[in-house]
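Per-entry structural report
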Amino acid sequence: MNPKIVILSLAQACYWFAVLVGISLSTVIGLQLAPSEKLATLPYALISVGALGATYLLSIVMQRSGRRLGFQVGALAGAVAAGLAMLALSTQSFVIFCAASLLMGIYQASSVYYRLAALDEMPAQQSGVAIGWVLSGSLLAAILGPSLAKFANHWIAEPKYLGAYGLVAVFSLLALLLISFLGKKPASQAANKATPASFLKRPAYWLGVGNTAFGQAVMMLMMLVAPLAMHQHHYSVDAGMSVIGWHIIGMFLPSFVSGKLVDKFGAGYVLLAGLAVLALSALASILGTTELHYHISLFLLGIGWNLMYVAGTNQYNQAYPAAEKGRAQGIAELVIAVAAIVGVMAGGLLIQSFSWQSLNLGLLVLLGLVVVLNLWMQKQVLQPTLKP
């Protein structure tokens, strides 16, 4: 195994521990600190806002100065954000907690390029495997994260949740250390030259970006709303963290095979499989609201997201020349970041007016429309463009 792939996989694990804590606790802390319940999801939404502001800029920085610098900026921002979150909990300040969330978005923005950096280290015919291996590192966070967070919260009991964010700081600094071993590798001269951005005219590029963005929006919406819905059904915070932990396992367990499936069968088929699994996730939630239903639904949600994320990423990364990589990846990840914000904001609003089961029913209808759109694009748009 390429040592750089291993480093990127471990850095991914460190980042996703921070995500696990943020997903499980940010809305709960938001309810505790916010002046109004309607603002409870604002801190988590600000993570996506911070990512939106940093995503494209980091891509350009990496294009000009190499991946390592961009990754170091992100990990350092994550450590500072965790420190601010601890200060916010100590002073019971909603404003400081929002600032911490905004800064954490920079860490999120840098982390999305881990999988893309892996593409630089593997042959084109193994692009799916490269993405899959990096994403699989998050399994460490999913398996160990909930137990470590519980231990930290018991170790530092007051103020509540301070210990969990202390561990976020530790893992962010660990990621910073790991990234320093990547070595400085600036982009090629061709990647720094002005190009006509021909990728913007390629349907395959936009289909890949659209599929990845849609999967991201759905995952963010349902993942954020699930702890709130469980809170409404009087489940404990620990139960919510367990559900999110299994969700993250579902997100990354398929990474050992999803990349290979893309390389063998093509991105289109894997995308349709991902949409089918998301439909099963929605059905599981429609059928009941027991803790088991939540576990099954969020686990399947993770699997469906993984298939769409790996396949969609592979799809758009096959649709641009090497000289346009910086801008093509930056714009794609910017669109995906916007989709994440839409998902987070929509989740905060929709859960105020609709039940968890109603949301999943609406999702089922939306998934059907996306399946039809993909089939039409594959038949009517993409195939004709591939003809000689």
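All residue numbers here refer to positions counted from 1 along the written sequence of the relevant chain. A pLDDT threshold of at least 70 governs which residues receive local features in this predicted model, and a stricter bar of 80 or more applies before side-chain atom pairs are shown or counted, although totals over entire chains, interfaces and linings include all residues. As a rule here, side-chain values come from all non-hydrogen atoms in the structure, and water together with hydrogens is ignored.

A look at the overall build of the chain
In terms of regular secondary structure, the chain is built from 16 helices and zero strands. In this setup the radius of gyration rests on C-alpha atoms only. A globule is expected at 2.2 Å times the number of residues raised to 0.38. Taken against the 2.2 N^0.38 rule, which gives 21 Å for 388 residues, the C-alpha radius of gyration of the chain at 20 Å falls within 12% of a compact globule. Its C-alpha atoms give the chain principal-axis dimensions of roughly 65 × 45 × 35 Å. Three exposure classes are used, based on accessible area relative to the maximum for each residue type with a 1.4 Å probe and protein chains only: buried under 20%, partly exposed in between, and exposed over 50%. When burial is assessed residue by residue, the chain has 57% of its 388 residues classed as buried. Only heavy atoms enter the contact rule, under which two residues are in contact if any of them lie within 4.5 Å. Within the chain, contacts between residues separated by at least 24 positions form 86% of all contacts whose residues are at least 6 apart in sequence. Areas reported as accessible are Shrake-Rupley estimates using a 1.4 Å probe. Residue values count occlusion only from the protein chains shown. Entry remark: accessible area of the chain is about 15900 Å², with carbon and sulfur atoms responsible for 70%. His is not counted, nor are the chain ends, whereas Lys and Arg count as positive and Asp and Glu as negative. Working definition for charges: the position is that of NZ of Lys, CZ of Arg, CG of Asp or CD of Glu. For the chain, the distance from the average site of its 19 positive side-chain charges to the average site of its 9 negative ones is 14 Å. Secondary structure elements follow DSSP: runs of H or I of four or more residues count as helices, runs of E of two or more count as strands, with numbering from the N terminus.

Section: the packing of aromatic side chains
We describe a pair of aromatic rings using the distance from one ring centre to the other and the angle between the two ring planes. The aromatic pairing rule takes the rings of Phe, Tyr and Trp, using the six-membered ring of Trp, and pairs them if the centres are within 6.5 Å, calling planes under 30 degrees apart stacked, those over 60 edge-to-face and the rest tilted. Summed over the entire model, instances satisfying the criterion amount to 13 aromatic pairs. Each ring, one from W305 and one from Y309, has its centre 4.4 Å from the other, and the planes form 25°; the classification is stacked. Residue W305 and its partner Y309 are located together in helix α14 (residues 291–317), separated by four residues, close to a single helical turn. Put simply, the rings of Y15, W16, Y107, F252, W305 and Y309 pair up and form one aromatic cluster.

A short note on the nonpolar core
Membership of the largest hydrophobic core comes to 123 residues, with the highest contact counts inside it found for F71, Y107, Y114, Y165 and Y205. If we ignore the near neighbours within four places in the chain, the residues touching Y205 are F199, Y316, A319, Y320, A328, I331 and A332. Among buried residues, those of type Ala, Val, Leu, Ile, Met, Phe, Trp, Tyr and Cys that are joined through side-chain atoms within 4.5 Å constitute a nonpolar core.

As for the packing of helix α4 (residues 94–111) against helix α8 (residues 162–179)
Think of two packed helices as two axes; the pair is described by the angle between the axes and how far apart they sit. Two numbers describe how α4 lies on α8: the axes approach to 14 Å, and their chain directions differ by 25°. As summarised for this structure, α4 and α8 are arranged roughly parallel, according to the angle between their axes. Both α4 and α8 take part in a crossing whose hand is left-handed. Where α4 abuts α8, its residues F97, M104 and Y107 lie against Y165, V168, F171, S172 and A175. When its residues are assigned to classes, the contact of α4 with α8 shows seven nonpolar, one polar and no charged. The angle between two axes is taken between their N-to-C directions and runs from 0 to 180 degrees, where each axis is a line fitted to C-alpha atoms and a helix contributes only its stretch in contact. An angle below 35 degrees is treated as roughly parallel, one above 145 as roughly antiparallel, one from 65 to 115 as roughly perpendicular, and anything else as oblique. Should the near helix be turned counterclockwise from the far one by less than a right angle, the crossing is left-handed, whereas a clockwise turn marks it as right-handed. Amino acid classes used here: Ala, Val, Leu, Ile, Met, Phe, Trp, Tyr, Cys and Pro are nonpolar; Asp, Glu, Lys and Arg are charged; the rest, including Gly, are polar.

A short note on the environment of A13
As for its placement among the helices and strands, A13 is situated in helix α1 (residues 3–33). Once the C-alpha coordinates of A13 and L119 are considered, the two residues, 106 residues apart in sequence, prove to be 18 Å apart. Not counting residues up to four positions away in its chain, the partners in contact with A13 are G137, S138, L140 and A141.

A look at helix α12 (residues 255–265)
Every buried residue of α12 is listed here: S255, S258, G259 and V262. Down the axis of α12, the sector holding all buried residues measures 95°, keeping them to one side. Structural note: α12 exposes K260 and K264 on the side pointing more than 90 degrees away from its buried face. Phi turns positive, to about 100°, at G266, one or two residues after α12. Along the arc lie the directions from the helix axis toward the C-beta atoms.

A word on the confidence of the model for the chain
Looking at the chain as a whole, its pLDDT mean stands at 83, while 91% of the residues score no less than 70. A residue's pLDDT is the confidence the predictor assigns to it, expressed on a 0 to 100 scale. Per-element confidence in the chain ranges from a low mean pLDDT of 45 for helix α9 (residues 189–192) to a high of 94 for helix α13 (residues 267–286). For residues 187–192, every residue scores under 50 in pLDDT, and the model assigns this stretch nine contacts once sequence neighbours within four places are set aside. Below pLDDT 50 for its whole length, residues 384–388 participates in one contact with residues either more than four positions away or in separate chains.

What to know about the side chain of N374
Of note, N374 is situated in helix α16 (residues 356–386). For N374, a relative accessible area of 4% gives the class buried.

Regarding the side chain of N211
Structurally, N211 can be placed in helix α10 (residues 203–232). Once you skip the residues sitting within four places of it in the chain, N211 turns out to touch L271, M308, Q315, V370 and N374.

Comments concerning the environment of A99
Of note, A99 is situated in helix α4. On the basis of relative accessibility, which here comes to 37%, the residue A99 falls in the partly exposed class.

A look at α10
Residue count minus one, scaled by 1.5 Å, sets the expected span of a helix. Helix length check: α10 (30 residues) gives 43 Å between terminal C-alpha atoms against 44 Å at 1.5 Å per residue, within 8%. What we call the bend at a residue is the angle made by axes fitted to the seven residues finishing there and the seven residues starting there. At A226, α10 shows its strongest bend, of approximately 30°, with the proline P227 following within four residues. With 24 of 30 residues buried, α10 is to be regarded as a mostly interior element. Backbone geometry just after α10 places H234 at a positive phi near 70°.

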